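Listed below are the residues making up each chain.
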Amino acid sequence: MNIQKKTNQPSIASFFSKTDSSIIKTPKKESEPPSIRVENKEVIKSPSSDSEDKPFALAPTKKSRKRVLSFDESGPDEKSNASNENIKKTPTKAVKQMKIIDTKIEINDEKDSIFTKIEQTTITPIEQKTITDTQSYNPGKTNYDPINDACWKLGSDVPYSSLSTTLLLIEETSARLEIIRILSNFFRSVLSLSSRDLVHCVYLCVNKVAPDYDGIELGIGETIIMKAIADSTGRTVEQLKLDYKSKGDLGLVAEASRSTQRTMFKPKPLTVSLVYKKLKEIAQLTGNKSQQRKGDIIKSLLVSCQSHETRYLVRSLIGKLRIGLAEQSMLVALAHACIRNEYSNLKETTLKEHLDNGTHAVKDAFCQCPSYDILVDALVDKGGIDKLKDLCKATPGIPMKPMLAHPSKGIDEILKRCGQSEFACEYKYDGERAQIHLTDDGKIYIYSRNSENNTSKYPDIIERIPNAFQSNVKSLILDGECVAYDIEQKKLLPFQTLSTRKRKDADIKEIKVQVCIFAFDLLYLNGESLVEKSFRERRRLLHESIVCIPGELVFAESRTTSNIDEINMYLEQSVKDGCEGLMVKTLDDDATYEIAKRSHKWLKLKKDYLDGVGDTLDLVVIGGYTGTGKRTGVYGGYLLACYDKDNEEYQCICKLGTGFTDELLVSLGNSLEPHIIQKPLAYYRYSSSLTPDVWFDAVKVWEVKCADLSLSPHHHAAIGLVDEGKGISLRFPRFLHERQDKSVEDATSAEQVADLYRRQEKIKKIDPDNQADDDDDMY
Ligand code: ATP
C-alpha cells in the first residue's frame, strides 16, 4: 500500500491506458518521479519516489494508506474500465489456453469470441506491470477491475505482496461485507490471471497449508522464529523479546525490525506459491536437524520480505493471522469471485441471486468435502460452481462436517416440536464424536467433530473394527460416539476418563483406557451417499451393515416412543447408565442428514438442562482480572465472550469467578500466559467498564454453566438480536471445564445465546408465543 515509486519503472497510471501508443512518457531526471500523460487528456503524476533507496520503509500509517486509496480511486478508474470495455466475461479457466507473446496474446481457443475481443484490445498494460505496481495495489478499490487493477501480469505468479496488501486491508476493515468484497476482488484477479495459484492464495488466507484432516499444521515455536528474525535483521533476540513484550505481536515486531534495516541488494520478490511451498515444507519437517532447517527456510523467506509481507509471513508461521477473517467469509469471497467473473456483464441487482446461489453451492461443497485442493480444482479446472455438486460430495477418507443438535428444555418442547412426526430417543453418550471411514482400498480413518484426523489416537479401534463390517461392505462412513468403557464391569466411563488418552500417535500396547463405539448413523455405503435418505432408512442400512461386538462397537441404545412417561423413564435410565441424557431424532419427516447444520430434527435433552437454562455455553476467554486477597498472584476472574458469526467478533457475555479450585486458578492462569496481548483485538466487543487487567488472544474455550440469562447494558453478547441496544449476560456463571476439542470459532454463537435467552421459562410466561427460532443454523 505504499505509493512510492521507483523512478526507472513505469507508473501505475500507464496500466490504465488503452494502448502503448496512447502513453507519452515525459523524459525524467534521475531524482524526479515519472510523469505520464494518458491519451493527451490528463496528466497523472506519480507520487514522490523518496523511498527509492529505502525499500524497507516503515509500514505506512492509516493516514498514508487512505491517501493511497484516494489516489487510486480518483485517478485512472475510468480509463481502466475503458481499456476493458470489450471484455464482457473475464477469462477464468481459459487463461490457461492463452500464451503471451511479447505484448500480444495468442488465442488457442478459436471458438471463444471473448478472447478474440481481447486480442483486438491490446493488453500491453498488463504486460508492463512490474513490482512497482504491487506497492499501490488496492483490492478495496470501487469498480475494481480484476485484470487492469491487478498488479501482476497474465500467466505470471501472484506476488506475495498483493496477498499481504489484501490481508492488511482486511485487518484494517471491520465490516464483514467489505472484507468479503476486498478478498473477492483479489481472488478475481488471481482467477483471471494466474488461476493455478488460487488454491495457494486460499490456503494462506485461512492460514493453513493442507486440509484439517491431513494434520499438517502451521504454528512454529516462537524461539525459532525469533532467532530467524534476529539473524535476518541484525537485531538481537533480547531486543526482539523486549519489543514483543510491549507490542504483543511478533509479526509487527518483525515488520518494524525489517523496515529499519538497510540492504545492499533488493531481493527477488516473493510469490504466493513460493511462500506456500516453503510454509508447507516447514510444517512437514521432522526429525534430526529439522529445527535448524526450519530456521534456515524462515530466514531465507524473511530476507526477501518487503513491507507488510514480513508481518503476515511471521503471523502465518506462528499460526495466527489476526486479521478477523473467518473461514466462512473466505468461502463467500471465493464464491463471489467466481460468480462476478463469470457474470461480469450483469448489473448488481441481477447478480444478487447468482451470488446467493453460488455462495450456497460453495459452502455446501466445502461441508461435504472440506478440502480446498478439491474445491478450488473443481472451481478452476473442472467446470466451476455448476459442477460442485458432482465433484465435491461425500467421499470416504475425507471427513464431513457433522450434523449437530439443538438443545431442548423439556419433553413438552420435544413433543411440540415433533408434532405428529415419529421420533427415536437415543442415549446421549458422554464421549467424543467419531466419524469412521472405510475406503474402497480397505483403509480406515477416524475423524473428530471438528474434522481432525483422530486415526492415530485410536489404533485399538482401527485394529478391531474390520470385524464389525458385514462381508458386503466395501466402503462406508459411519457416525458414532467413542466412549471410555470398563469392559469387565460393562460400564460407561465419563468423558474425563476418555480425555486422559493420548491425543496422537498412541501405541496400542500402552493404551489403558478402553473405548467402545456407539454407532448411531450411516452416511455413506458402497459408493453411495446416504445423506438425502431418511434417518429411518439410514438406520436400517446401518443395522444391516454392522455386526455388533459387545464392548467394542455396538448400536446406540434407542427407543421409539412419544409417550411422555416413557420418555421420562428413559431419560432417567440413560443418566443412571452414565449418559448425559437423550438425543431425540425425527425418523421420517425431513429426516435427512443435515451436514454442518445444527438442526431441529435432532434435539438434545440433557438431564442438567431441566434445572438450568437449556444448555451449557462454550465461551472464549478474552481477558483476566488480577486477583486480590486469597487470589493474590493469580487471576481472580476472567472476561468471557461468545462468538458472533455474522460479524465475526467476540462479544463479552460475563465475568467468571466461580467454579475454580485453587489449583485450577494456577494452572488455567499459566496456560493463558503465552496468550497475553497488549491491547484488545479489533474484533472484541466490550464495554469500557469491563476492561480487564490483561487481554488474551482468542484461543481458549471454556464450558460454563449459568442460572439464567438476562439483558445487560454492559455485555454485548447477541446485541441487536433480542434488544436493539442491549446485549445478554449470564447470571451466576460457573466454570465447568476447558473444551480442548473446540476451536474459538466453534464457541457458542451470538445466535445460540439469543436462542437460549428466548427459551427461558420466564420469557415464555410473559410472551407465550415467543418461541425459539425455528430455523436450522449453519455453523
Ligand atoms: P455441539 O456438539 O452440539 O456443539 P457440544 O460439543 O457441547 O455441543 P453436546 O451438546 O454435549 O456437545 O452434545 C452433542 C454431541 O453429543 C454430539 O456432537 C455427539 O458427539 C454426542 N452424542 C452422544 N450421543 C449421541 C447420539 N446418540 N446421537 C448424536 N450425537 C450424540
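Please read all numbers here as calculations on a predicted model, not as lab measurements.

Helix and strand content of the chain: 26 helices and 28 strands. Looking at the chain as a whole, 57% of its 779 residues are labelled buried. Across the chain, contacts joining residues at least 24 apart in sequence account for 73% of those joining residues at least 6 apart. Taken as a whole, the chain presents about 34,100 Å² of accessible surface, with 49% of it coming from carbon and sulfur.

Two faces, one strand: in a regular strand the side chains alternate between the faces of the sheet. For strand β19 (residues 635-644), the buried fraction is high: 10 of the 10 residues fall into the buried class. Relative to β19, strand β18 (residues 617-626) runs antiparallel, the two sharing 6 bridges. Across the sheet, V620 pairs through a bridge with A641, a residue of β19. Judged from the 7 bridges that link them, β19 and strand β20 (residues 649-656) form a sheet pairing that is antiparallel. Bridging across to β20, L640 finds its partner in C654. In sequence, β19 turns back onto β20 through a hairpin of 4 residues, with E648 there showing a positive phi of about 50°.

Judged by side-chain polarity, L711, L721 and V722 come together as a nonpolar surface patch covering roughly 190 Å² of accessible area. Within the element layout of this structure, L711 appears in strand β25 (residues 708-712).

A separate point is the site of the ligand. In the region of the ligand, 19 residues are neighbours, and R449, E481, R598, K604 and R739 sit closest. Taking E481, its side chain carries an N or O atom lying 2.5 Å from an oxygen atom of the ligand. A distance of 3.3 Å separates an oxygen atom of the ligand from a polar side-chain atom of K742. Across the complex, the protein chains shield 94% of the 610 Å² of accessible surface that the ligand would expose by itself. When contributions to the shell around the ligand are tallied by element, the ones reaching two or more residues are β7 (423-428), β16 (581-586) and β17 (597-606). Per element, the largest residue contribution to the shell around the ligand is 4 residues, and it comes from β17.

Here the focus is the layout of surface pockets. Counted as a void, the second largest pocket has a volume near 690 Å³. Forming the boundary of the second largest pocket are 30 residues, of which E171, R322, K679, L681 and A682 lie nearest the centre. Taken together, the residues of the lining of the second largest pocket sort by class into 9 nonpolar, 8 polar and 13 charged.

By size, the foremost hydrophobic cluster in this structure holds 92 residues, and its most contacted members are F186, F187, M330, Y372 and L375. Those residues within four positions of M330 in sequence are excluded, and the remaining contacts are L183, F187, V202, C205, V206, L325 and Y372. Core analysis: the second largest hydrophobic core is formed by 37 residues, F423, L523, Y524 and W602 among them.

Detailed reading of predicted coordinates is not advised where the pLDDT is low. Of the residues in the chain, 78% have a pLDDT of 70 or more, and the chain-wide mean is 81. Confidence over residues 1-132 falls short of pLDDT 50; this stretch has 239 contacts with residues more than four positions distant or in other chains. Across residues 766-772, confidence stays below pLDDT 50; counting only partners more than four residues off in sequence or on other chains, it has 7 contacts.

Attention now moves to the packing of aromatic side chains. A full pass over the atoms with the stated rule returns 28 aromatic pairs. Between Y445 and Y447, the ring centres sit 6.2 Å apart and the planes meet at 15°, which makes this aromatic pair stacked. Assessed through its relative accessible area of 24%, Y445 is described here as partly exposed. By the ring-pair criterion, three or more aromatic residues cluster together here, those being Y635, Y638, F660, F696, W702 and F735. Here the basic side chain of K655 rests over the ring of Y625, its NZ or CZ set 4.6 Å away from the ring centre.

Another point: helix α16 (residues 348-368). Since the α-helix packs 3.6 residues into each turn, any two residues three or four apart lie on the same face. With 21 residues, α16 extends 30 Å between its outermost C-alpha atoms, agreeing within 8% with the 30 Å of an ideal straight helix rising 1.5 Å per residue. Along α16, the positions that sit buried rather than exposed are L351, L355, G358, T359, V362, A365, F366, C367 and Q368.

This brings us to the packing of helix α7 (residues 176-193) against helix α15 (residues 327-342). Helix-helix packing: each pair is described by the crossing angle between the helix axes and the interaxial distance. Two elements in contact, α7 and α15, have axes separated by 7 Å at closest approach and are oriented at 50°. Classed by the angle they form, the pair α7 and α15 counts as oblique. Seen along the crossing, α7 lies across α15 with a hand that is right-handed. In this structure, α7 contributes R176, I180, L183, S184, F187, R188, L191 and S192 to the contact, and α15 contributes S329, M330, V332, A333, L334, H336, A337, C338, R340 and N341.

Another point: helix α14 (residues 309-318). Among the 10 residues that make up α14, 9 are buried, leaving the element largely enclosed by the rest of the structure. Buried residues of α14: E309, T310, R311, Y312, L313, V314, R315, S316 and L317, and no others. Looking at the residues trailing α14, positive phi occurs at G319, about 105°.

Tallying each qualifying case throughout the model produces 8 cavities of 30 Å³ or more. Volume-wise, the largest cavity comes out at about 70 Å³. Taken together, K208, P211, D212, Y213, E327, F366, P370, Y372, K401, N450 and S451 make up the lining of the largest cavity. Residue composition of the lining of the largest cavity, grouped by class: 5 nonpolar, 2 polar and 4 charged.

As a further point, take the packing of α16 against helix α17 (residues 372-380). Running from N to C, α16 and α17 point in directions that differ by 145°, and their axes come no closer than 9 Å. α16 and α17 meet at a crossing whose hand is right-handed. Across the interface between the two elements, V362, A365 and F366 from α16 touch Y372, L375 and L379 from α17. Within the contact of α16 with α17, the residues separate by chemical class into 6 nonpolar, no polar and no charged.

Another point: the side chain of S749. Position of S749 relative to the elements: it lies in the loop between β27 (734-738) and α25 (750-759). Accessibility expressed as a relative area gives 7% for S749, which makes it buried. Not counting the four nearest positions on each side in its chain, S749 is found in contact with C642, Y643 and K645.

What counts as what
Residues numbered from 1 in each chain as written. Predicted model: local features only at pLDDT ≥ 70, side-chain atom pairs only at ≥ 80, totals over all residues. Heavy atoms only, no water. Helix = DSSP H or I, 4+ residues; strand = E, 2+ residues; numbered from the N terminus. Buried < 20%, exposed > 50% of the residue type's maximum accessible area, 1.4 Å probe, protein only. Contact = heavy atoms within 4.5 Å. Areas by Shrake-Rupley, 256 points an atom, 1.4 Å probe, with all protein chains shown as cover. Pairing = 2+ DSSP bridges. Patch = residues over 30% accessible without salt bridge, like charges linked within 9 Å, V, L, I, M, F, W, Y side chains within 5 Å. Salt bridge = Lys/Arg side-chain N within 4 Å of Asp/Glu carboxyl O. Near = heavy atom within 4 Å. Polar contact = N/O pair within 3.5 Å; in protein donor to acceptor, adjacent residues only side chain to side chain. 1 Å grid on protein atoms, 1.4 Å probe; cavity = no way out; pocket = protein on both sides within 12 Å on 5 of 7 lines; lining within 4 Å. Points joined across faces, edges and corners; volume = space filled by probe spheres on them. Nonpolar A, V, L, I, M, F, W, Y, C, P; charged D, E, K, R; others polar. Core = buried A, V, L, I, M, F, W, Y, C linked by side-chain atoms within 4.5 Å. pLDDT = per-residue confidence, 0-100. Phe/Tyr/Trp six-rings, centres within 6.5 Å; stacked < 30°, edge-to-face > 60°. Lys NZ or Arg CZ within 6 Å of the ring centre and 35° of its normal. Expected span 1.5 Å × (residues − 1). Axes fitted to C-alpha atoms, helices over the stretch in contact; angles between N-to-C directions. Parallel < 35°, antiparallel > 145°, perpendicular 65-115°, else oblique. Left-handed = near helix turned anticlockwise from the far one by under 90°.

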